[in-house]
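Examining the three-dimensional arrangement
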Amino acid sequence: GNSVTQMEGPVTLSEEAFLTINCTYTATGYPSLFWYVQYPGEGLQLLLKATKADDKGSNKGFEATYRKETTSFHLEKGSVQVSDSAVYFCALSGSDKIIFGKGTRLHILP
Amino acid sequence: DVKVTQSSRYLVKRTGEKVFLECVQDMDHENMFWYRQDPGLGLRLIYFSYDVKMKEKGDIPEGYSVSREKKERFSLILESASTNQTSMYLCASSPNGGPGSGKLFFGSGTQLSVL
């Protein structure tokens, strides 16, 4: 069945560092891929998405490219801020539901 | 602004109690979902609904039931709460196009503790 695997955290970086959070998936068909973010004390919110191979989703300085050949959708940001501290979830759309990875907690130090 | 509202932020109940978690959305969305979130396990789908009075089991429906009498409201029911149901419960909704096809809008969550 469909599944999502993302790197375990926590990930701790200094402000202005480069961020990569890895995500790979297993799916039949051609799912859409998503990154969701959960700030402390809040529910999840959509950060970015890509609907087909080679699409790049971007938002708030974050980017991820849908790579069908490597079944990956890695999240990147060139220069992180303290306000980016949160839990990040990779997800894919199945036929009847969205499947989430286990989440990666990110800590940014000032 | 789009809004999914969960009735309680924190809830403490005793083992064996019947527990109701309420969720209301104001976006006229077709699909609504209940997830639980546990450390190291991520989000797990309990139940979802793609129409009024319709419900479908998710990955972990045991010990739970749901009710959707009106389009905007989706309730999660713990018939007899147990300590292993202590968790963060997240409600979400999405517009039509199939439950797996769209963007999810989440509430802020209810942290339930069962003693």
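Residues numbered from 1 in each chain as written. Chains lettered and ligands numbered in written order. Predicted model: local features only at pLDDT ≥ 70, side-chain atom pairs only at ≥ 80, totals over all residues. Heavy atoms only, no water.

Below, the discussion takes up the interface of chain B and chain A. Facing the 19 residues of chain B at the interface are 18 residues of chain A. Taken together, both faces of the contact between chain B and chain A bury some 1,500 Å²; the carbon and sulfur share is 57%. Linking chain B with chain A are zero salt bridges, by the criterion used here. Those elements that provide at least two residues to the side of chain B that touches chain A are strand 5 (31-38) and strand 6 (42-49) of chain B. The greatest single-element share of the side of chain B that touches chain A, amounting to four residues, is contributed by strand 6 of chain B. Taken together, the residues of the side of chain B that touches chain A break down into nine nonpolar, seven polar and three charged. (Contact = heavy atoms within 4.5 Å. Buried area = accessible area lost by both parts, 1.4 Å probe. Salt bridge = Lys/Arg side-chain N within 4 Å of Asp/Glu carboxyl O. Helix = DSSP H or I, 4+ residues; strand = E, 2+ residues; numbered from the N terminus. Nonpolar A, V, L, I, M, F, W, Y, C, P; charged D, E, K, R; others polar.)

Residue and element names in this part refer to chain B. For strand 9 (residues 73-78), a buried count of five out of six residues is recorded, marking the element as mostly surrounded by other parts of the structure. Inspection of the sheet shows strand 3 (residues 19-21) paired to strand 9 by three bridges, in the antiparallel sense. Opposite Leu 21, over in strand 9, you have Leu 76 as the bridge partner. As defined by bridge partners, strand 8 (residues 64-70) adjoins strand 9 across five bridges and the pair is classed as antiparallel. Bridge pairing in strand 9 links Val 66 to Leu 76. (Buried < 20%, exposed > 50% of the residue type's maximum accessible area, 1.4 Å probe, protein only. Pairing = 2+ DSSP bridges.)

All names here are of chain A. In spatial order, the strands read 3-9-8-7; together these four strands make up an open sheet with antiparallel pairing. Of all the strands in the sheet, just strand 3 (19-21) and strand 7 (56-59) have a single pairing partner and so form its edges. Here the strands of the sheet are splayed against their neighbours by 20° on average, with no regard to which way each runs. Here strand 8 (residues 62-65) runs beside strand 9 (residues 75-77); their pairing, made up of three bridges, is antiparallel. Note on strand 9: the bridge partner recorded for Ala 64 is Leu 75. (Axes fitted to C-alpha atoms, helices over the stretch in contact; angles between N-to-C directions.)

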